[in-house]
Amino acid sequence: MAADSTLALSLVEEFVSGLQDSKAKDAAKGVKDGKFTVLQLVEALGSSLTSSQPHTRARGVLLLSEVLQECYRELTEREVEVLIAFYENRLKDHYVVTPPVLKGLKELTKCTNLPPGSAVSMLRSVFQDIHVQSLMLSERACVYSMLINIMETREAELKGLGADFVFGFVQSMDGERDPRNLLLAFQIAKNLIHRGYELGKFTEELFEVTSCYFPIDFSPPPNDPHGITREELVQALRAVLTGTPNFAEFLLPLLIEKLDSDVQSAKLDSLQTLAACVSQYEHKHVAEFLQGLWTAVRREVFQTSSERIESAGLAALTALTSCLSRSVLSSDSEDSLSTFLDFILTDCKHHLCEPDLKLVWPSAKLLQAACSASTSASHIITAAVMPSLLEQYNNRAQCSHRRTLLEVVQRFIHSVKNCQSSDNGLLLESDIELALDHLTRLLLIEEDDTVSLAVVECAGALAQLHPALVISKLIPRLKNELYTEPMNQDQGEASELHSHHSVRQRCLSALAAVSIKPSVVQESTPVLLEVLRSAHTGDVSFSVDEVVLTCRSLQRIAEQVQDTEEAGRCFHNIIIPHLLSLALQAALQGEGSSGTPSPLIEEAVLSAMVPVISTSCSRLQPTLAGQTASRAVSLFLDGDVSFLPDNSFPSHMQLLKVEVPQIDKLLSALEEMSCTCSHPLSYTSAAKCFAGLVNKKPQGDSLDSLIQRTMKRVCSELDSPSSSVHTQAFTLMIWVSKALLLRYHPLFTTLTDKLFSLLDDAGLGPMAADGFSLLMSDSTDVLNRASHADVRIMYRQRFFSENKAKLVQGFNAAPQEKKPNYLKALSNIVNKLPKQVQVTELPALLSLLLEALSCPDQDIHLTTLSCLEPVLVNPPQVLIQQLEALVNRLLALLCSPAMSVRIASLSCISALSYFPVHEVLPFRARVLRALAKPLDDKKRLVRREAVQARAQWFLLGSPGGR
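Residues numbered from 1 in each chain as written. Predicted model: local features only at pLDDT ≥ 70, side-chain atom pairs only at ≥ 80, totals over all residues. Heavy atoms only, no water.

With that settled, consider empty space enclosed by the protein. Under the counting rule described, the total for this entry stands at four cavities of 30 Å³ or more. Looking at the largest cavity, its volume works out to about 80 Å³. What lines the largest cavity is simply Ala558, Val561, Gln562, Asp563, Thr564, Ala567, Gly568, Phe571, Thr615, Ser616, Arg619 and Leu620. Taken together, the residues of the lining of the largest cavity sort by class into five nonpolar, five polar and two charged. (1 Å grid on protein atoms, 1.4 Å probe; cavity = no way out; pocket = protein on both sides within 12 Å on 5 of 7 lines; lining within 4 Å. Points joined across faces, edges and corners; volume = space filled by probe spheres on them. Nonpolar A, V, L, I, M, F, W, Y, C, P; charged D, E, K, R; others polar.)

Counted under the stated rule, the structure contains twelve aromatic pairs. Summarising the aromatic geometry, the rings of Phe756 and Phe772 are spaced 5.2 Å apart at their centres and angled 45° between planes, so their arrangement reads as tilted. Remark: Phe772 occurs in helix H38 (residues 765-776) and Phe756 occurs in helix H37 (residues 748-758); sequence separation between them is 16 residues. Exposure class is identical for Phe756 and Phe772. Each is buried. Through pairs of rings, three or more aromatic residues link up here, namely Phe748, Phe756, Phe772 and Phe799. Residue placement shows Arg402 over the ring face of Tyr393; its charged tip is 4.1 Å from the ring centre. The ring of Phe954 has Arg924 lying over it, and the distance from NZ or CZ to the ring centre is 5.6 Å. (Phe/Tyr/Trp six-rings, centres within 6.5 Å; stacked < 30°, edge-to-face > 60°. Helix = DSSP H or I, 4+ residues; strand = E, 2+ residues; numbered from the N terminus. Buried < 20%, exposed > 50% of the residue type's maximum accessible area, 1.4 Å probe, protein only. Lys NZ or Arg CZ within 6 Å of the ring centre and 35° of its normal.)

Here we take up the side chain of Lys103. By the secondary structure assignment, Lys103 is in helix H7 (residues 98-108). Look at Lys103: it is buried, it has no salt bridge, and the nearest opposite charge is Glu107 at 4.9 Å. Every residue in contact with Lys103, bar those within four places of it in the chain, is listed here: Leu62, Ser65, Glu66, Gln69 and Cys142. (Lys, Arg positive; Asp, Glu negative; His and termini not counted. Salt bridge = Lys/Arg side-chain N within 4 Å of Asp/Glu carboxyl O. Contact = heavy atoms within 4.5 Å.)

Among the secondary structure elements, Leu337 is positioned in helix H20 (residues 336-348). Leu337 sits in the buried class, given a relative accessible area of 1%. Sequence separation of Leu337 and Ala287 is 50 residues, and the distance between their C-alpha atoms is 9.4 Å.

In this section: a negative patch on the surface. A surface patch of negative charge is lined by Glu204, Glu205, Glu208, Glu249 and Glu288. Here the element with the most residues in the negative patch is helix H13 (residues 203-211); it accounts for three residues. Within the fold, Glu249 resides in helix H15 (residues 248-258). Since its relative accessible area comes to 52%, Glu249 is described here as exposed. (Patch = residues over 30% accessible without salt bridge, like charges linked within 9 Å, V, L, I, M, F, W, Y side chains within 5 Å. Areas by Shrake-Rupley, 256 points an atom, 1.4 Å probe, with all protein chains shown as cover. Charge placed at Lys NZ, Arg CZ, Asp CG, Glu CD.)

Printed below as a string of structure tokens:
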């Protein structure tokens, strides 16, 4: 043991006098290895701890504390007891000794075998002997960590201190400023409140010492290594302030005061804190502050320019009303709910009688927010406002007023759905049936589009609350109306036919609007499918437009229906098979049973049917999606029609003339169809399918060889002057190019080079220029994220940065007659870039864009103008230097045959008026003369844009102008 003591003395000497910090780890290892104990180390520190030099004493204590950091788990209860006494005594030493003492005490608070009473003893010593806020940041953190550790392991002992513990903590954190320490302090305060510590007479002191940081005003410094955010501090403080009703008398006046601030973040924080705190309160806690709270919330909703603050205000109002509603159920005291709702009705109800004024919507939102809080509130508010709304609807003749009133009613229906209980709804079933009758009547007779749209939305809102009644009452009426033929089929009665067509359109839209719950979908979709079947067979006469709208209604249902297994099976088992069956019947038969051509063979109908299937498949659960995909592949590869309804198809039908349903053969069949079929919709659809599969095919040799084989065939056709399938080959190439671009495949550059080379081709040049628009555009049916395509971020910017030089070089080298192809390609690319990229990149391409405005192609004009307009807002110097050329070209386009080009050029001319006055003032007279002609344009939209442009240029340079 003597040797062990010698080792301990040696380590102490080297650490304390030799200032070798690494010896602390050696000392900790000696304790862990059993070469000496912690108490023997204390003995070895004897001369250091009794030194007349404070720094030597501090160094000795630091060694012990760093050893404890490594060895606190191995300490016995007796050792802990001795060490606590040692450290408590050292708290009275010189201030330079205090930091290592606190470090050691923090490590001791982690021990699981603290002797009884030792936790309280440590804290009393710290509270009595240390002024925490005079310590450095890390030492203050030690104190907070001590408190957190002890609260986790010795809660009962701490609660025995009563309110004295709260007072000690309040003194410790009073004046804290560092965000790291504030997070620790807020955690302690939260524990005090949420774990039932006695606050006693120090309740207000605890509130004051924490609420002084409200609202949090903190912005982390750049490259903050600690990663503390303002939101973390906000949430931590909010948990403290809203944790107990005992703070209500202090917190609510504070929130009312902060809501009067001009700082938007303070308003938002106050409203969110209000919503959080009242969820813990009873009516007695808020009663005396109701008027002030209502006034503050009303002001934020009536006057705010921020949607976030408006939403937070409405949420706070809902929470406050909910708090008061609980008092109605649980208290015999004064009904504060009625008092509060009287405030709201008095200030808001009369605005609902002014549907043409702007306060109708904020008033309606406030009433609806309160209405949604509870059944009690919804009864009081709807009883007060609904009769007035219905009376106004019947008395007002303007369509805009009636639509506003209907939308207000619709939102009230939405607002009560969350507060309804299953046995105590707002309306009786007979009332709901009456409402459905009225909505149906309006749906069938109301000619104004805006009003009928509001009626459809109301029906959708009602269907979410009462799907059973919609199924039994509304859907049969709509179905009956769809199958009712016009009374007079004479061609001279065009107005009656138009009216009947409008009613059908509204019925189809209404079927889609009410189909949100799966139970409704199972009843509405068969009606829509029957419309398609009847249109195909000719049993009932439906126009192509009506059939297209039917498909769009099915697509809307697929997009909005609740994502449940019930809904998925409806699409998997019924909707998708019926659509495929009808499409195949139409394709094979060409006409219905009546001998008239089936509308389902029309390209517009087929194009509307495809998104229904793709949207449905994208929302199926994985198992059903796999089964649907397997069915579709089997159908097209080997004619498996067993899952299709109305199965009257040939037994050996081979749609793609392939026998085995494998992915490689599917790709081969699609490639063959793309390159040989003469029907545009068919070969385009095959190219899209091929591209979609290529985009998702795993990286590797198989994919590379497939791309190379396809490119070889495509290039062979494109390079052959005698080929009759140039268009088909190009369509396949451009879709495969897009598939590879989206996933950053290395072979994409091969296709890019081919595409650029085609810009010089006499026959395919214009088509190649248009192809760049397809490359850069979002696709609605395939190759998008909704269809689970592999889409990398910023693929447009990458394509532009890698290829802009090729465009410029190609333009400069091209003969004059080919230059428009390059300009159109450039315009198509730049037009699809994000606006911020356009603003950055366009100055370098300005000369080409000005050249594009001189081309005869109207499409180039339109895309180029749409590129230029955002740059004109903050013009770069290079653009100002080209101002005369730009003005000349814009004025020349005022005579364009295309209305859209005339409007776009006028918009750009308007933007020019915001250039520096001394730069544009010389052009004022010429521009005003040129603007005289579009003032008499035959199109109203052109005239409106011309008036605005002329007014801006007329004021240019005047004392009241710019």
